[in-house]
Structures are given as C-alpha cells and as structure tokens.
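Summary of structural features
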Amino acid sequence: MTLIDHEYSKEKESNAVSRKAIAEQWLSIGVNVIPIKLGDKKPALKSWKNWMNNKVSQREIDEWWSNPNQYDVGIITGSISHISAIDLDISKGENKSGMESIEENEIRFPNGSLIAQTPSGGNHIICSYDYRLKNKVGVLEGVDIRSDGGYLKVSGNTENIDGGSKDNWKIISGEIDR
C-alpha cells in the first residue's frame, strides 16, 4: 500500500495537503487514526485507547477534523491497523542514535517497510503487523517499538526549544506490504 507524500508545512499551507486529508489517506489503507494535539505528541482524545479495538470511520474523521488542520494526525499501531513500527531516535549527548544501535546489533528492517523522517531527525520504520513485536520504549538505546497499545504521530511539526520550527514528518522511501 502506498501513501502519497503528505508533508505538511505552515509555510506551504496554501498548497499543502490538509491534516484531515492525511488522516483520510491512512484510513483508506485500513490504518486507524487519532487526532494529536498541535505541536505535541499527545492524543487530543482522552479516549484514544478505544480506537485500539474499534475501527475509525469517516464520520469520526469528519468530527475530529471539522477544521481540516485543527489537529495533527496519529496512527494506531498493532493488529487493528495491521502495522508495527520501529521508532529510531537521534543521538542526544553521549547516547547512541537508534540507527547506531540497529547497525551495531546487525538488525535488518523488514522488507516492505515505509521509512519516514520525524521532525527531530529520527526515523519511523513502518511495516506489516508482527505479533512478536511488543510496544516498548528502550528496546535498544534510541530504539522504541510501537505495536499493540501504541501510536505514532505522522503529521505536522514541532517547535524547537528556542522557538524555531523543526522539519516535518515526511516519507523518505518504501511502502507498507500488507
């Protein structure tokens, strides 16, 4: 399944894909979506965990994104969406980056993975659901797993501590084999 590049940027807002359209793209390939607070990684819904077991419909998207850009977009990982993900953080201080940990342990990404760059410069590797992958932070240094019980933010940008805007979440390569 292929997604169109859906980088969202306030600077390009006049010709950008709306966050609602991004949510609809993910839903069109069977991935559950949730609204995420703008400029944050937290769900906008207290009840977001309900969507780990119940399918989102166009009705919910229309309600949540009644203003097409009022929320960023999150995707629910795990069996409901048929996807799992590897979240690779960038190095901080003397800590290794997720990619360094992956390379050091000679781990290969699954075939049929979508690779995206996160606003911080890390990566999300999104692949077909694998029940053996458990949702866990710190599997290796700089490496988190998102599967049953997890979600990823897949749109928008965040603010640097100094107030400047970071780059947006964007697809680098690949597509999800499902």
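Right, let's walk through the structure included here. Since the model is a prediction, treat every value here as computed from it, not as a measurement.

With that settled, the discussion passes to the overall build of the protein chain. The helix and strand inventory of the protein chain stands at three helices and nine strands. The linear arrangement of helices and strands in the protein chain, starting from the amino end, is α-β-α-β-β-α-β-β-β-β-β-β. Within the protein chain, the fraction of its 178 residues that count as buried is 44%. Sequence-distant contacts in the protein chain: of pairs separated by 6 or more residues, those separated by 24 or more amount to 70%.

With that settled, the discussion passes to the environment of Val17. Of note, Val17 is situated in the segment before helix H1 (19-28). The class of Val17 is partly exposed, set by a relative accessible area of 22%. Along the chain, Val17 and Asn69 lie 52 residues apart, while their C-alpha atoms are 9.5 Å from each other.

For H1, every residue scored as buried is listed here: Arg19, Ile22, Ala23, Gln25, Trp26 and Leu27. Contacts from the buried residues of H1 go to strand S1 (33-36), helix H2 (58-64), strand S2 (72-76) and strand S5 (123-128).

The pairing of strands in a sheet comes from backbone hydrogen bonds and takes either a parallel or an antiparallel form. Spatially, the three strands line up as an open sheet ordered S1-S2-S8, and their pairing is antiparallel. At either margin of the open sheet sits one strand with a lone partner, and together these are S1 and strand S8 (151-153). Taken over all neighbouring pairs, the strand axes of this sheet differ in orientation by 30 degrees on average, direction set aside. Bridge analysis of S1 against S2 gives four bridges, and the strand direction is antiparallel. Bridged to Ile34 within S2 is Gly74. Together, S1 and S2 form the strand contacts of H1, whose direction differs from that of S2 by roughly 15 degrees.

Turning next to the side chain of Thr77. Looking at where Thr77 falls in the secondary structure, it is placed in the loop between S2 and strand S3 (83-88). Classification of Thr77 as buried rests on a relative accessible area of 2%. Of note is the side chain of Thr77, whose polar atom sits 2.8 Å from the backbone oxygen of Ser147. Those residues in contact with Thr77 that lie beyond four places of it in its chain are Ile83, Ala85, Arg146, Ser147, Asp148, Gly149, Gly150, Tyr151 and Leu152.

On to the pattern of salt bridges. A complete count under the given rule lists seven salt bridges for this structure. A salt bridge links Arg146 to Asp144, with the nearest nitrogen and oxygen atoms 3.8 Å apart. Overlapping salt bridges bring together Arg19, Asp72 and Lys153 as one network.

What follows deals with the pairing of S5. Burial runs high along S5: five of the six residues are buried. Bridge count for S3 against S5 is six bridges, and the pairing is antiparallel. When the sheet's bridge partners are listed, Leu88 is paired in S5 with Asn123.

With that settled, consider the packing of aromatic side chains. Scanning the entire structure with this criterion turns up three aromatic pairs. An angle of 70 degrees between the planes, with centres 4.9 Å apart, marks the rings of Trp48 and Tyr151 as edge-to-face. Of this pair, Trp48 sits in the loop between S1 and H2 while Tyr151 sits in strand S8, placing them 103 residues apart in sequence. Residue Trp48 shares its accessibility class with Tyr151, and that shared class is buried. Site record: aromatic cluster; members linked through ring pairs are Trp51, Trp64 and Trp65.

Conventions adopted
Residues numbered from 1 in each chain as written. Predicted model: local features only at pLDDT ≥ 70, side-chain atom pairs only at ≥ 80, totals over all residues. Heavy atoms only, no water. Helix = DSSP H or I, 4+ residues; strand = E, 2+ residues; numbered from the N terminus. Buried < 20%, exposed > 50% of the residue type's maximum accessible area, 1.4 Å probe, protein only. Contact = heavy atoms within 4.5 Å. Pairing = 2+ DSSP bridges. Axes fitted to C-alpha atoms, helices over the stretch in contact; angles between N-to-C directions. Polar contact = N/O pair within 3.5 Å; in protein donor to acceptor, adjacent residues only side chain to side chain. Salt bridge = Lys/Arg side-chain N within 4 Å of Asp/Glu carboxyl O. Phe/Tyr/Trp six-rings, centres within 6.5 Å; stacked < 30°, edge-to-face > 60°.

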